[in-house]
Amino acid sequence: MPASVASATQSFPNTAATSITLTCPAGTQPGDLLLAFPCNSLPALYTLPTGWKLVAQPASASSDVGSGAFYRIADATDIGADGATPTTYTFTRSGSAAAQGHAGSILRVIGADVSSLVSAWPAQRVGLTHGTTASSGSFPSDSPSNPAKFLANDLLIRAYIAGEEAAGTPNLSMGAVPSDWTSRVSGATAAGTSSSGGYDIGLVVCDQLWVPSSAGGGTTPPPSGSQSLGVGGIGTPAGAILTTADSSAVLNITTSGTSSQQRVYDGQGHTINGQINIAADYVTVQNFYVRGAGGAGIYSMGTGVIIQNCDIAQVIEGGTGDINGVNFFGDNTHILYNRIGPSLVSGALNGARPDGIQTWDTPSTRSSSNVLILGNRIVGPTDINDATHLHQGVVAEGAASTSGGGGGSGQSQNWLIDSNYFESAFGSQCLKFDGINGAQITRNTFAGSATNVVASTSVSSGTAYYSDNTVVGTYSSGVGVTTTNGSGPSPSGWGYSAPGGTPGGTPGGGGGGGGGGGGGTETTETVYLTGYSYQDNTPPGSAIISMPVIHSVAGGTGTFSDPITAAVPGSPDTAETPAGTKFYVAVLKRYFIVEDTGASKYNNIRHFDLWVDGQNFARSDSDACMNSYTGNHPVIFNPQDGHPVTVGPLTGAGGCVI
């Protein structure tokens, strides 16, 4: 749930002094965020009590008021030795000037993301408003500065300070708080009279949840308004696997759901002090705080995976050469409404460059198509001299990557980068596409600093950057790609449906190439199945195929997105079943695709010769696998995604792996 102000204390002493003592609000609990707003009728700074840190304090406030905003994360000392009497803190004005008027308040904020706070609050999200020297005034009606910095349900807190320098009886008036803000503190100190004035000070503190007034710039509420940023921004569905306590162990997820029913793992706001490792299909991971992981906070290797409403920080390099919020590999991946950073790095970099989200396609990983990255907040330290700054928000490398992240056999395509907020990307670019086709970038805010907003290499095609993106940071060479007027496509085309949408097929419809698959009605037909292997292919000891579609040589893992090669009777010009035809064999729990010829012709039934691989096994193992299923079997043509799959080549030790 969003952060909120639970309680507040205030002090308006009617005596002149050089300090003010403020009391913690009743009910303070360890982990609460405490915000202190002391002010005085002199342009002087404050000396902080032990344990408090700076939010903002002007070096020279104004001619008649001095103020500051400070924070601490509450611990057991804040509730007093008896567990009930609140602790007090004294804020002392610097300098040797005479006693002046003081006022102040401490707010208790619950539900705040205290894990992401650093020693200096992000200055561009803070502003202190000082009043005039008049004896009365109204609350300023100005909007928060730089609204592009805020997202829906961010908690905004405003402190307004006014001082009086008029001689005579103090009559300072602070004015009314606007109706869309909740007043927590309002009052003024009448500390005395003086011919020179300067004794009296007033303070108003109020808050509201930020509701964006216009679309674009990463501030647009999610579709249907039912999913918001961060932990707690998505509900827990019935049947979810629940985490009920913090854990210091890696969370390994190996059991798959289906395309019609995600298997949901819900952290319920608990912390995993280690990596979340997803090695399954159609899995949703949500509402976790992830800390102390090695290499990547979340590592996903699966089809149809949803990573949403998590908070990822303090990743350790750990010998992997990478520090990333999320690493993912696989089609139909959705990364939704997560917070990544700002304290993304824990410990030494060891040469690694921190990135928000990364994927690559090598022989040991896989391609990633139909990817949706929506509504995330990916930030790093704002100091360019800080080695732990965010290097790239998203870096995606396909099989043809020119940067060393390629060499795989797939094609990564059809990406939507929508309504995200990126900050402090101090590398060459914020978004990088290298061997990715059809990346579309829309409705994002880029508030960082880099050479370009986007880099799209020569081995990528169809990169579209739309004019509804907002750039508020400093990018020395501009966007980096051609800007397309208007807005990009809706996330619904990528299968997103809040809350907890299930990944769908390719945007604009499914297809299996040639004979299709995923775009129409399934049909079942009995066919004759045999097998061929690495040992008995033509020529023997090879994986050569005559009609490559998605593989350059025979292969595949049997999933919907990576079906196994099948051969049919005929030649490429006379194939009994067209190249690209996709089908599913229930007895083998695998999807297949026609990519080869040379099978024998049967007069009254279609024949499919299935690749069993066997390169890493004995000839007897692959022969045993083929013999176990040779015969007539029903198969499903134009299969939909979601049928049960045993991932991997068919041949194992002693026969088929099913």
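Read on for a plain summary of the structure. (Residues numbered from 1 in each chain as written. Predicted model: local features only at pLDDT ≥ 70, side-chain atom pairs only at ≥ 80, totals over all residues. Heavy atoms only, no water.)

1. Section: the overall build of the chain
A tally of helices and strands in the chain yields one helix and 50 strands. Counting across all 658 residues of the chain, residues that qualify as buried make up 53%. Of the contacts made within the chain by residues no fewer than 6 positions apart, 72% connect residues no fewer than 24 positions apart. (Helix = DSSP H or I, 4+ residues; strand = E, 2+ residues; numbered from the N terminus. Buried < 20%, exposed > 50% of the residue type's maximum accessible area, 1.4 Å probe, protein only. Contact = heavy atoms within 4.5 Å.)

2. So, the environment of Asn252
As for its position among the elements, Asn252 is in strand S16 (residues 251–253). Residue Asn252 is classed as partly exposed on the basis of its relative accessible area, which comes to 49%. Taking the C-alpha atoms as reference points, Asn252 and Ile276, separated by 24 residues in sequence, lie 6.2 Å from one another. A distance of 3.2 Å separates a polar atom in the side chain of Asn252 from a polar atom in the side chain of Asn277. (Polar contact = N/O pair within 3.5 Å; in protein donor to acceptor, adjacent residues only side chain to side chain.)

3. Description of the pairing of strand S8 (residues 69–73)
A large share of S8 lies buried, amounting to four of its five residues. Relative to S8, strand S3 (residues 33–36) is paired through four bridges, and the arrangement is antiparallel. In the sheet register, Leu35 faces S8, and the bridge partner there is Tyr71. Note: strand S6 (residues 53–56) against S8, three bridges, orientation antiparallel. For Ala56, the partnering residue across the bridge sits in S8 and is Ala69. (Pairing = 2+ DSSP bridges.)

4. Notes on the side chain of Asp32
Topologically, Asp32 is positioned in the loop between strand S2 (19–23) and S3. A relative accessible area of 9% means that Asp32 is categorised as buried. From its side chain, Asp32 meets the backbone nitrogen of Gln29 in a polar contact 2.8 Å long. For Asp32, the residues in contact, after removing those within four places along its chain, are Gly27, Arg72, Ile73, Ala74, Arg108, Val109 and Ile110.

5. Some thoughts on the nonpolar core
Ranked by size, the top nonpolar core spans 51 residues in total, and within it Ile276, Trp415, Leu431 and Phe433 carry the most contacts. In this view, Leu431 contacts Val394, Ile417, Phe422, Ile441, Phe446, Val453, Val454 and Ala455; residues no more than four positions away in its chain are not counted. Formed by 26 residues, the second largest nonpolar core is a distinct cluster that contains Val527, Val568, Phe583 and Leu610. (Core = buried A, V, L, I, M, F, W, Y, C linked by side-chain atoms within 4.5 Å.)

6. Let's talk about the pattern of salt bridges
Within the structure shown, the criterion is met by ten salt bridges. Residue Asp75 is joined to Arg72 by a salt bridge in which the shortest nitrogen-to-oxygen separation is 3.4 Å. Owing to a relative accessible area of 32%, Asp75 belongs among the partly exposed residues under this scheme. Between Arg72 and Asp78 there is a salt bridge, with the nearest N and O atoms lying 3.0 Å from each other. The pair Arg72 / Asp78 is uniform in exposure class, with both members buried. Shared partners join several salt bridges into a network, and the residues in it are Arg72, Asp75 and Asp78. (Salt bridge = Lys/Arg side-chain N within 4 Å of Asp/Glu carboxyl O.)

7. Thoughts on the sheet that holds strand S39 (residues 464–466)
Across the sheet, which stays open at both edges, the ten strands sit in the order S15-S17-S20-S23-S26-S29-S32-S35-S39-S42 with parallel pairing between neighbours. At either margin of the open sheet sits one strand with a lone partner, and together these are strand S15 (241–242) and strand S42 (483–484). Note that strand S20 (residues 283–286) and strand S23 (residues 306–308) share three bridges and pair parallel. Paired with Val285 across the bridge in S23 is Ile307.

8. A few points about the sheet that holds strand S22 (residues 296–301)
Across a sheet, strands are paired by hydrogen bonds formed along the backbone, either parallel or antiparallel in direction. The strand order S16-S19-S22-S25-S28-S31-S34-S38 describes an open sheet built from eight strands, whose pairing is parallel. The sheet terminates laterally at S16 and strand S38 (452–456), the two strands that pair on one side only. Across the sheet, the mean angle from the axis of one strand to that of its neighbour is 10°, orientation sign disregarded. Bridging between strand S25 (residues 323–329) and strand S28 (residues 354–359) involves four bridges; their strand directions are parallel. Opposite Ile323, over in S28, you have Pro354 as the bridge partner. (Axes fitted to C-alpha atoms, helices over the stretch in contact; angles between N-to-C directions.)

9. Some details on the packing of aromatic side chains
Scanning the model with the defined rule gives 16 aromatic pairs in all. Considering the side-chain rings of Tyr299 and Phe329, the 5.4 Å spacing of their centres and the 50° angle between planes classify their relative orientation as tilted. Placement of Tyr299 in strand S22 and of Phe329 in strand S25 is noted, with a sequence separation of 30 residues between them. An aromatic cluster of three or more residues is present, and its members are Trp52, Phe70, Tyr89 and Phe91. The residue whose ring lies beneath Arg377 is Tyr421, and the NZ or CZ to ring-centre distance is 4.0 Å. Here the guanidinium or amino end of Lys582 rests over the ring plane of Phe560, the centre of that ring lying 3.8 Å away. (Phe/Tyr/Trp six-rings, centres within 6.5 Å; stacked < 30°, edge-to-face > 60°. Lys NZ or Arg CZ within 6 Å of the ring centre and 35° of its normal.)

10. Regarding unusual backbone geometry
In this model, Thr538 is joined to Pro539 through a cis peptide bond whose omega is -5°. Locating Pro539 in the fold gives a position in the loop between strand S43 (523–533) and strand S44 (564–569). For Asn287, which is not glycine, the phi dihedral falls at a positive 60°. Tracing the backbone through its elements, the reader meets Asn287 in the loop between S20 and strand S21 (289–291).

11. Here's the deal with helix H1 (residues 619–629)
Within the span of H1, buried status applies to Asp621, Ser622, Cys625, Met626 and Tyr629. For H1, the buried positions fall inside an angular range of 130° around the axis, keeping them on one side. Along H1, exposed side chains directed more than 90 degrees from the buried face belong to Ser620, Asn627 and Ser628. Where the residues of H1 are buried, they touch S43, strand S47 (607–613), strand S48 (631–637), strand S49 (651–652) and strand S50 (655–656). Note on H1: the residue one or two positions beyond its end, Gly631, has a positive phi of about 145°. (Arc of directions from axis to C-beta.)

12. Observations regarding the state of the cysteines
According to the stated counting rule, one finds one disulfide in the structure shown. Between the sulfur atoms of Cys625 and its disulfide partner Cys656 the distance amounts to 1.9 Å. Measuring the twist about the S-S bond at about 85°, one finds the Cys625-Cys656 disulfide to be right-handed. With a gap of 31 residues between them, Cys625 in helix H1 and Cys656 in strand S50 connect regions that are remote in the sequence. (Disulfide = S-S within 2.5 Å.)

13. So, the environment of Leu416
Looking at the element boundaries, Leu416 is found in strand S32 (residues 412–418). C-alpha of Leu416 to C-alpha of Gly438: the two residues are 22 residues apart in sequence and 8.5 Å apart in space. In this view, Leu416 contacts Val371, Leu372, Ile373, Gln440, Thr442, Pro489, Ser490, Pro491 and Trp494; residues no more than four positions away in its chain are not counted.

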